[in-house]
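Commentary on secondary and tertiary structure
These are the residues of each chain, in order.
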Amino acid sequence: MGHALVLICSPKGATSVSRNMLDKYLARRRAEFPDETVTVRDLSLPENALPHLSAEFVTAMFLPPDARTAEQARELELSDRLTAELQSADVLIVATPIHNYTVPTTLKAWIDHVARPGVTFTYEGGVRRGLARARSAVFLLSSGGIYTSGPQAVEDFLAPYLRHMMVFFGIPDVTVLRAEGVAWDAPSAVARAEAQIAAAF
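Okay, so let's go over this structure. Since we're looking at a predicted model, the values are computed, not measured.

Here we come to the packing of helix H4 (residues 77–87) against helix H5 (residues 105–114). When two helices pack together, their arrangement is given by the angle between their axes and by how far apart the axes lie. One way to put it is that H4 packs onto H5 with a least axis distance of 8 Å and a crossing angle of 90 degrees. Compared by their axis directions, H4 and H5 come out roughly perpendicular. Every residue of H5 that contacts H4 at Leu78, Ser79, Leu82, Thr83 and Leu86 is listed here: Trp110, His113 and Val114. By residue class, the composition of the contact of H4 with H5 is 5 nonpolar, 3 polar and no charged.

Before going further, it helps to spend a moment on H4. Among the residues making up H4, those that are buried are Ser79, Leu82, Thr83, Glu85 and Leu86. Down the axis of H4, the smallest arc covering the buried residues is 155 degrees, so these residues share one side. Buried-residue contacts for H4 involve strand E1 (3–8), strand E2 (37–42), helix H2 (55–61) and H5.

Further remarks concern the pairing of strand E7 (residues 173–180). Burial within E7 is extensive, with 6 of its 8 residues counted as buried. Of the pairings in the sheet, the one linking strand E6 (residues 136–143) to E7 comprises 8 bridges and is parallel in character. Paired with Val138 across the two strands is Thr175, which belongs to E7. Once you follow E6 into helix H6 (residues 159–169) and on to E7, the crossover reads as right-handed.

This part covers the packing of H5 against H6. Orientation of H5 relative to H6, taken along the N-to-C sense of each, is 15 degrees, at an axis distance of 12 Å. Taken as axis vectors, H5 and H6 run roughly parallel relative to one another. Judged by the sense of rotation from one axis to the other, the crossing of H5 with H6 is left-handed. Along its contact with H5, which presents Leu107, Lys108, Ile111 and Val114, the element H6 presents Tyr161, Leu162, Met165 and Phe169. Each residue belonging to the contact of H5 with H6 can be placed in one class, and the counts come to 7 nonpolar, no polar and 1 charged.

Inspection of the entire model under this criterion finds 10 salt bridges. Ionic pairing is found between Arg29 and Glu36, a salt bridge with its closest N-O pair at 2.7 Å. For Arg29, a relative accessible area of 10% corresponds to the buried category. Judged by relative accessible area, which is 17%, Glu36 ranks as buried.

Take the packing of aromatic side chains next. Within this structure, the stated rule accounts for 5 aromatic pairs. The interplanar angle of 85 degrees and the centroid separation of 6.4 Å between the aromatic rings of Tyr101 and Tyr147 together place this pair among those described as edge-to-face. Within this pair, whereas Tyr101 is found in the loop between strand E3 (91–97) and H5, its partner Tyr147 is found in the loop between E6 and H6, the two being separated by 46 residues in sequence. Under the relative-accessibility criterion, Tyr101 is labelled partly exposed at 38%. Given the relative accessible area of 9%, Tyr147 is considered buried. On the basis of an interplanar angle of 65 degrees and a centroid distance of 5.5 Å, the ring pair of Phe168 and Phe169 is categorised as edge-to-face. What makes Phe168 buried here is its relative accessible area of 12%. Grouping aromatic residues by their ring pairs yields a cluster made of Phe121, Tyr123, Phe168 and Phe169.

What counts and what doesn't
- Residues numbered from 1 in each chain as written.
- Predicted model: local features only at pLDDT ≥ 70, side-chain atom pairs only at ≥ 80, totals over all residues.
- Heavy atoms only, no water.
- Axes fitted to C-alpha atoms, helices over the stretch in contact; angles between N-to-C directions.
- Helix = DSSP H or I, 4+ residues; strand = E, 2+ residues; numbered from the N terminus.
- Parallel < 35°, antiparallel > 145°, perpendicular 65-115°, else oblique.
- Contact = heavy atoms within 4.5 Å.
- Nonpolar A, V, L, I, M, F, W, Y, C, P; charged D, E, K, R; others polar.
- Buried < 20%, exposed > 50% of the residue type's maximum accessible area, 1.4 Å probe, protein only.
- Arc of directions from axis to C-beta.
- Pairing = 2+ DSSP bridges.
- Right-handed = clockwise from strand over helix to strand, strands pointing away.
- Left-handed = near helix turned anticlockwise from the far one by under 90°.
- Salt bridge = Lys/Arg side-chain N within 4 Å of Asp/Glu carboxyl O.
- Phe/Tyr/Trp six-rings, centres within 6.5 Å; stacked < 30°, edge-to-face > 60°.

Spelled out as structure tokens, the structure:
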């Protein structure tokens, strides 16, 4: 029985294309892996808002736990919880729109909190090694424009960045499913995305 960590990043609630993609993807996944457990963290909710990293945080994360002050330990408490969630997962599933050609600030903040030296990555002999337990990641991306081909392809700083961060964390198997061109023809974009989801199983 595996475990999935699901991140929701769109602030648009029920009207979110990426969130609706996620619902369809998870329905198929439940049918395929009925014993899989799931943790869902909706990063768009106010109660899940993540702070920017402070100077104290950055100092503390490079110190061994027994060398941190009480204040430094408190600075890392939320990061510790987020990192533990990631490290308990066999698969990471992220539903997100593209914002200004890249990741929404909510997702970037999550990445900043879980990129922890000695926990999710390390350097050995000058060589970086990812320490994430998950072996796969699935990204459900929505965008108004089309970034897999055509003139906007060079403006896609979302999918390449996410793929790179999975390499950084040591997650080898990355799947990207897209609803793109939503601003021009939303029904067709959604239909193409649903076809990609169906083909993923």
